[in-house]
Amino acid sequence: MTVIYVLLIPFINWSFTWAPMWEVLPGWAFNPVTIVTGLVLVVRDFAQREVGHYVLIAMAIALALTAWAAGPELALASGGAFAIAEMVDWALFTFTKYRLSTRVLLSSAIAAPLDTTIFLYGAEIIRPDQLTGPNITMSIIGKMFGAVVIWWIVRSRFERKNVNPRDFQNNE
């Protein structure tokens with residue numbers, strides 16, 4: 001999963017430089033890549049389970065590949081957005097006593113709008129019309145879909161095994 005994560009980040013970031021805008025309704029155009037941005041969150045969670053905090057090294061490699069493939073501006077936007085999302089994750093996972101599945105959903109609900117807005121602002125510098133209501137909406141929906149997938153996996157796995165998810169707090 002870590003290799004997929006390292007390759008997925010620059011691919012998604014790079015695709016913002018060329019993917020066409022789709023107009024679904026008049027005035028409602030969005031970049032279709034925003035739908036799959038939630039995949040990064042899902043894959044990151046699995047990569048973090050594989051390599052722990054070394055996932056930050058994987059993210060740095062992915063940002064270096066983004067800088068090479070799509071330019072340093074987009075890598076900076078992606079890195080800044082990721083840093084904000086990671087701080088929200090860290091705070092929720094460190095200071096709350098909620099169940100793991102609840103923390104996954106809360107973290108995404110708080111971080112997705114921030115992460116999305118910061119990233120699309122940076123993407124706007126490279127390619128106009130990326131920081132739009134439809135792009136923000138579709139990206140948040142994609143990220144929340146990813147969060148719901150992780151929530152479901154965590155809930156079903158721990159409930160099936162009758163394990164307390166809080167016991168795995170440091171690895172998640």
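Residues numbered from 1 in each chain as written. Predicted model: local features only at pLDDT ≥ 70, side-chain atom pairs only at ≥ 80, totals over all residues. Heavy atoms only, no water.

1. Observations concerning the overall build of the protein chain
Let me state the cut-off plainly: Only DSSP runs of H or I with at least four residues qualify as helices, and only runs of E with at least two residues qualify as strands; both kinds are numbered from the N terminus onward. Throughout, radius of gyration means the C-alpha value; the globule benchmark is 2.2 Å times the number of residues raised to the power 0.38.
Within the protein chain, the regular secondary structure consists of six helices and two strands. From first element to last, N terminus to C terminus, the protein chain shows the α and β order α-β-β-α-α-α-α-α. Its C-alpha atoms give the protein chain a radius of gyration of 16 Å, within 12% of the compact-globule value 16 Å for 172 residues. Over its C-alpha atoms, taken along the principal directions, the protein chain stretches across nearly 50 × 35 × 25 Å.

2. Remarks on unusual backbone geometry
Notably, Asp129 is not glycine yet its phi reads approximately 70°, a positive angle. The residue Asp129 is located in the loop between α5 (100-126) and α6 (133-161) in this model.

3. Notes on the packing of helix α4 (residues 72-95) against α5
Note the cut-off: Lines fitted to C-alpha atoms define the axes here, with helix axes fitted over just the stretch in contact, and angles between the N-to-C directions of these axes take values from 0 to 180 degrees. Roughly parallel here means an angle under 35 degrees, roughly antiparallel means over 145, roughly perpendicular means 65 to 115, and every remaining angle is called oblique. Handedness of a helix crossing follows the sense of rotation of the near helix relative to the far helix, less than a right angle counterclockwise being left-handed and clockwise being right-handed. Ten residue types, Ala, Val, Leu, Ile, Met, Phe, Trp, Tyr, Cys and Pro, are classed as nonpolar, four, Asp, Glu, Lys and Arg, as charged, and the remainder, Gly among them, as polar.
Here α4 crosses α5 at 160°, and the two axes come no closer than 8 Å. The angle between the axes of α4 and α5 places the two elements in the roughly antiparallel class. Remark: the crossing between α4 and α5 carries right-handed chirality. Across the contact of α4 with α5, the residue classes break down as 19 nonpolar, four polar and four charged.

4. A short note on the packing of helix α3 (residues 55-70) against α4
The line we're drawing: Contacts: residue pairs with any heavy atoms within 4.5 Å of one another.
It is at 7 Å that the axes of α3 and α4 come closest, and there the two elements cross at 155°. In terms of their interaxial angle, α3 and α4 are classed as roughly antiparallel. Between α3 and α4 lies a crossing of right-handed hand. For the pair formed by α3 and α4, the contact residues are Leu56, Met59, Leu63, Thr66, Ala67 and Ala70 on the first element and Pro72, Leu74, Ala75, Ser78, Gly79 and Phe82 on the second. Residue composition of the contact of α3 with α4, by class: nine nonpolar, three polar and no charged.

5. Digging into helix α2 (residues 33-51)
Convention followed: By this rule the span expected of a helix is its residue count minus one, scaled by 1.5 Å. Summary of the burial criterion: residues with accessible area below 20% of their type's maximum are buried, those above 50% are exposed, and those between are partly exposed, where the area comes from a 1.4 Å probe applied to protein chains only.
The terminal C-alpha atoms of α2 lie 27 Å apart, and with 19 residues this matches the ideal 27 Å at 1.5 Å per residue to within 8%. Taken residue by residue, α2 has Val33, Thr34, Thr37, Gly38, Val40, Val42, Val43, Arg44, Ala47 and Gln48 as its buried positions. At the exit of α2 stands Gly52, carrying a positive phi of roughly 65°.

6. Some thoughts on α3
Formally: An arc is given here, and it is the one of the directions from the helix axis to the C-beta atoms.
Taking 1.5 Å per residue as the helical rise, α3 with its 16 residues ought to reach 22 Å, and the 21 Å between its terminal C-alpha atoms agrees with that figure. Here α3 has its buried residues at Val55, Ala58, Met59, Ala62, Leu63, Thr66 and Ala70. In an axial view of α3, the angular spread of the buried residues amounts to 140°, which keeps them on one side of the axis. Of the surrounding secondary structure, the elements contacted by the buried residues of α3 are α1 (2-15), α2 and α4. Backbone geometry just after α3 places Gly71 at a positive phi near 105°.

7. Let's talk about the packing of aromatic side chains
Each aromatic ring pair is characterised by the separation of its centres together with the angle its planes make. Short version of the rule: Note on ring pairs: Phe, Tyr and Trp rings are taken, using the six-membered ring of Trp, and paired if centres are within 6.5 Å. Classes follow the plane angle, with under 30 degrees stacked, over 60 edge-to-face and the rest tilted.
Throughout the structure, instances matching the rule amount to three aromatic pairs. Ring plane angle 75° and centroid distance 4.9 Å describe the contact between Phe16 and Phe119, whose orientation is recorded as edge-to-face. A residue pair is termed long-range when its members are at least 10 positions apart, and Phe16 in the loop between α1 and β1 (22-25) and Phe119 in helix α5 qualify at 103 residues. Classification of Phe119 by relative accessible area gives buried; the value is 8%. The structure contains a cluster of three or more aromatic residues connected by ring pairs, namely Phe11, Trp14 and Trp18.

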